[in-house]
Amino acid sequence: MIRFGLYEYVRNIWFHLCIVFIMIIMMVITTVFLSNVDQQTRLYRLTEDYLDENSIFISFADGKLLEELEHVDKVLAAQTVSGYVEQDSKEKMIHTAIYTEEVMKYLKPRLNAGEQLKKADVDEDTVAVLISENPYGISVGDTFVYNIYSGEKILSVKVYVAGIISEGQKIYDGKTEIKKSMIYEDFFTTYSYQQTGEVLMITTEQEMNKAGDLRDSYFYRNCIVKLEDGILEESKNANIKKVKEFETDLFGMTSMNVYPQTKTLVYRSESILKGELLKYIPLSVIVFLLLTICITGMVSIKTARSTRYYGILYACGMEYRVAQLMTGVEMGMNCLIAVIFTVSLLKIQSRLKLVGEINCSLELPELMVMFVLCAVVILWSVFTARGILKENTPVQILKDKE
């Protein structure tokens, strides 16, 4: 039986190669679509739990101000520090964004080189960071002393460069324009060293904690402060008054009145999200249906061509369900080959950027969708073969093929 199965697979090799090719196309397109949806909605998924009618926005704050606010449910803020590295007796400025675990989950930086922070092998006294392109000659694997401004003091931290940040991606460093037409995406910056010339580092709270408690050195920018449900209007206004007084004392003006109303921002954000989903999801469904129809046709032709062999074996005592099982095994082999080639192609694209910068991540959701597609194709092939074989009795098959 195994020899017969292998013979059948080799005899119909061109059909199987076409099926593998179609499946690779289907998996690549689906992965790209899914990655695009994930990329386009990640900022919304990060901010949605912080945006409601009780939210207030703060362009600049320190830890003391945030502690003074009352009836606060949770805060999403761009945590930053500023500092420098000494080279040739000169201070070379570097701005640093410090991500919480939640922010890193949704905004894990894309890298041109190196590895993510979690994979960095550093000791307990060294802070792993990601750095942008820079004119200082700092690259992957370098270690240097980063001097952080902390009031009137300078705090020195030993850092290790784990990776180089790619251009043109969204980051959360608070350096965005405040305007009435803002949506959730406008709380985040599209970073480009080529345009700004500003050197940026990104690290996490967990890494920065290695250097001790530096929270007094943090600045908090573009904050979304979600107040408790049911908060009284008087308490909300009292919080707004504190923020206005803080900003006015510091800058001589306040930006609180520039931000849009929360209801307006939420409405705009939801409308844009729906537009993004409507753009990608129907395309993915249509591509999947078209390619499934192609595979169904090829399986039908292949099964019809093999009915004589199935008929002979049936006459020798083989049951039709064995032929159906063989069809499933053959399609399983095709799926396995297609998955291996698809994963390899996507990894090569991610590393070498052969067709430019596209979203083609291979995270758990993308891999799960691949295996679901394989399961659907295998089952569909088995039922297609079963339907064709049921329409023809062994006697009819042998008479037709004589």
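What counts and how
Along each chain, residue indices are assigned from 1 in the same order as the chain's sequence is written. Only residues with pLDDT of at least 70 get local features here, since the model is predicted, and only at 80 or more are side-chain atom pairs given and counted; chain-wide, interface and lining totals rely on the full set of residues. Side-chain measures here rest on the full set of heavy atoms in the structure, leaving out hydrogens and waters. A run of H or I in DSSP becomes a helix once it reaches four residues, and a run of E becomes a strand once it reaches two; helices and strands are each numbered from the N terminus. The cut-offs for exposure are 20% and 50% of the maximum accessible area for each residue type, with area from a 1.4 Å probe on protein chains only; residues under the lower value are buried, those over the upper are exposed, and the others partly exposed. Working rule for contacts: check all heavy atoms of both residues, and any pair within 4.5 Å makes them a contact. Only the protein chains shown count as cover for residues, and the accessible areas themselves come from Shrake-Rupley with a 1.4 Å probe. One requirement defines pairing of two strands: DSSP has to find at least two bridges between them. Here, nonpolar core refers to any group of buried Ala, Val, Leu, Ile, Met, Phe, Trp, Tyr and Cys residues whose side-chain atoms link them within 4.5 Å. In the sections that follow, a salt bridge refers to a side-chain nitrogen of Lys or Arg positioned within 4 Å of a carboxyl oxygen of Asp or Glu. In this tally, Asp and Glu contribute negative charge and Lys and Arg positive charge; neither His nor the terminal groups of the chain are included. For this analysis, a polar contact is any N or O atom pair within 3.5 Å, provided that within protein one partner can donate a hydrogen and the other can accept it, and provided that sequence-adjacent residues contribute only side-chain to side-chain pairs. The criterion for an aromatic pair is that two Phe, Tyr or Trp rings (for Trp, the six-membered ring) have centres within 6.5 Å, with stacked assigned to planes under 30 degrees apart, edge-to-face to planes over 60 apart and tilted to the rest. Only protein atoms enter the calculation, which uses a 1 Å grid: trapped sets of points that fit a 1.4 Å probe without letting it out are cavities, open sets showing protein on both sides within 12 Å along at least five of seven lines are pockets, and any residue with an atom within 4 Å of a point is a lining residue. Grid points are joined across faces, edges and corners, and a volume is the space filled by probe spheres set on the points. Residue type decides the class: Asp, Glu, Lys and Arg count as charged, Ala, Val, Leu, Ile, Met, Phe, Trp, Tyr, Cys and Pro as nonpolar, and the leftover types, Gly among them, as polar. Here a helix's expected span is defined as the number of its residues, less one, multiplied by 1.5 Å. In this context, the arc is that of the directions from the helix axis out to the C-beta atoms. Without a salt bridge and with relative accessible area above 30%, a residue can belong to a patch; like charges are then joined within 9 Å and nonpolar side chains (Val, Leu, Ile, Met, Phe, Trp, Tyr) within 5 Å. Each charge is placed at NZ for Lys, CZ for Arg, CG for Asp and CD for Glu.

**Some points on the overall build of the protein chain**
Moving on, step 1. Each helix and strand counted, the protein chain has eleven helices and eleven strands in total.
Moving on, step 2. By the burial criterion, 46% of the 402 residues in the protein chain qualify as buried.
Moving on, step 3. Pairs at least 24 residues apart make up 80% of the contacts formed inside the protein chain by residues separated by at least 6 positions.
Moving on, step 4. For the protein chain, the accessible surface area stands at approximately 21,200 Å², while carbon and sulfur atoms represent 58% of it.

**Considerations on the pairing of strand S7 (residues 153-165)**
Moving on, step 1. Here strand S4 (residues 111-114) runs beside S7; their pairing, made up of three bridges, is antiparallel. Across the sheet, residue leucine 111 finds its bridge partner in S7, namely isoleucine 165.
Moving on, step 2. Pairing between strand S5 (residues 127-131) and S7: five bridges, direction parallel. Bridge assignment links isoleucine 131 to a residue of S7, and that residue is isoleucine 164.
Moving on, step 3. Bridge count for strand S6 (residues 143-150) against S7 is eight bridges, and the pairing is antiparallel. The partner of tyrosine 146 across the bridge, within S7, is valine 157.
Moving on, step 4. As consecutive antiparallel partners, S6 and S7 are separated by two residues, and within that stretch glycine 151 has a phi angle of approximately 65 degrees, a positive value.

**Digging into the nonpolar core**
Moving on, step 1. Ranked by size, the top nonpolar core spans 73 residues in total, and within it Ile94, Tyr99 and Phe144 carry the most contacts.
Moving on, step 2. For this core, the leading source of residues is S7, giving six residues.
Moving on, step 3. The residues contacting tyrosine 99, other than those within four sequence positions of it, are Met104, Leu107, Ile171, Tyr172, Ile202, Thr203, Thr204 and Glu205.
Moving on, step 4. Ranked by size, the runner-up nonpolar core spans 27 residues in total, among them Ile22, Tyr280, Cys335 and Met370.

**As for the pattern of salt bridges**
Moving on, step 1. Going through the model one piece at a time under the given rule, you end up with eight salt bridges.
Moving on, step 2. A salt bridge links glutamate 363 to lysine 108, with the nearest nitrogen and oxygen atoms 3.5 Å apart. Linking glutamate 363 in the loop between helix H9 (320-352) and helix H10 (364-390) with lysine 108 in the loop between helix H4 (101-106) and S4, this pair joins segments that are 255 residues apart in sequence.
Moving on, step 3. Residue class for glutamate 363 comes out partly exposed when judged on its relative accessible area of 39%.
Moving on, step 4. Here glutamate 207 and lysine 210 are joined by a salt bridge, their closest N and O atoms 3.0 Å apart.
Moving on, step 5. In this structure glutamate 207 comes out as buried when scored by relative accessible area, which is 11%.
Moving on, step 6. Within the structure, one salt-bridge network assembled from shared partners comprises Asp52, Asp73, Lys226 and Asp229.

**Re the side chain of arginine 221**
Moving on, step 1. Following the sequence through the fold, arginine 221 ends up in strand S11 (residues 219-227).
Moving on, step 2. Here arginine 221 occupies a buried position and makes no salt bridge, while the nearest side chain of opposite charge, aspartate 173, is found at 7.6 Å.
Moving on, step 3. Within polar-contact distance, the side chain of arginine 221 engages the side chain of threonine 80 at 3.3 Å.

**Some words on the packing of aromatic side chains**
Moving on, step 1. Counted by the stated rule, this structure contains nine aromatic pairs.
Moving on, step 2. Cluster of aromatic residues (ring-pair linked, three or more members): Phe57, Phe187 and Tyr259.

**Concerning the layout of surface pockets**
Moving on, step 1. In this model, the largest pocket occupies a volume close to 1,800 Å³.
Moving on, step 2. Along its surface, the largest pocket is lined by 46 residues, and Lys108, Pro109, Arg110, Gln116 and Glu363 are the ones closest to its centre.
Moving on, step 3. Elements with a minimum of two residues in the lining of the largest pocket: helix H2 (13-47), H4, S4, helix H6 (205-208), H9 and H10.
Moving on, step 4. Counting residues per element, the lining of the largest pocket draws most heavily on H2, which supplies eight residues.
Moving on, step 5. Here the residues of the lining of the largest pocket are counted per class, giving 15 nonpolar, 13 polar and 18 charged.

**Some details on helix H7 (residues 233-251)**
Moving on, step 1. For H7, with 19 residues, the first-to-last C-alpha span of 27 Å sits near the 27 Å given by 1.5 Å per residue.
Moving on, step 2. Those residues of H7 that sit buried are Ser235, Lys236, Asn239, Ile240, Val243, Phe246 and Glu247. The arc that holds the buried residues of H7, viewed along the axis, is 145 degrees, so those residues lie on one side. The exposed residues of H7 that point more than 90 degrees off its buried face are Glu233, Glu234, Lys241 and Asp249.
Moving on, step 3. Residues of H7 that are buried in the fold lie against strand S1 (55-61), helix H3 (63-68) and S11.
Moving on, step 4. Positive phi shows up at glycine 252, right after H7, with a value of about 80 degrees.

**Focus: a negative patch on the surface**
Moving on, step 1. On the surface, Glu115, Asp121, Asp123, Glu124 and Asp125 cluster together into a patch of negative charge.
Moving on, step 2. Tracing the backbone shows aspartate 123 in the loop between S4 and S5.
Moving on, step 3. According to the relative accessible area criterion, aspartate 123 is partly exposed, its value standing at 41%.

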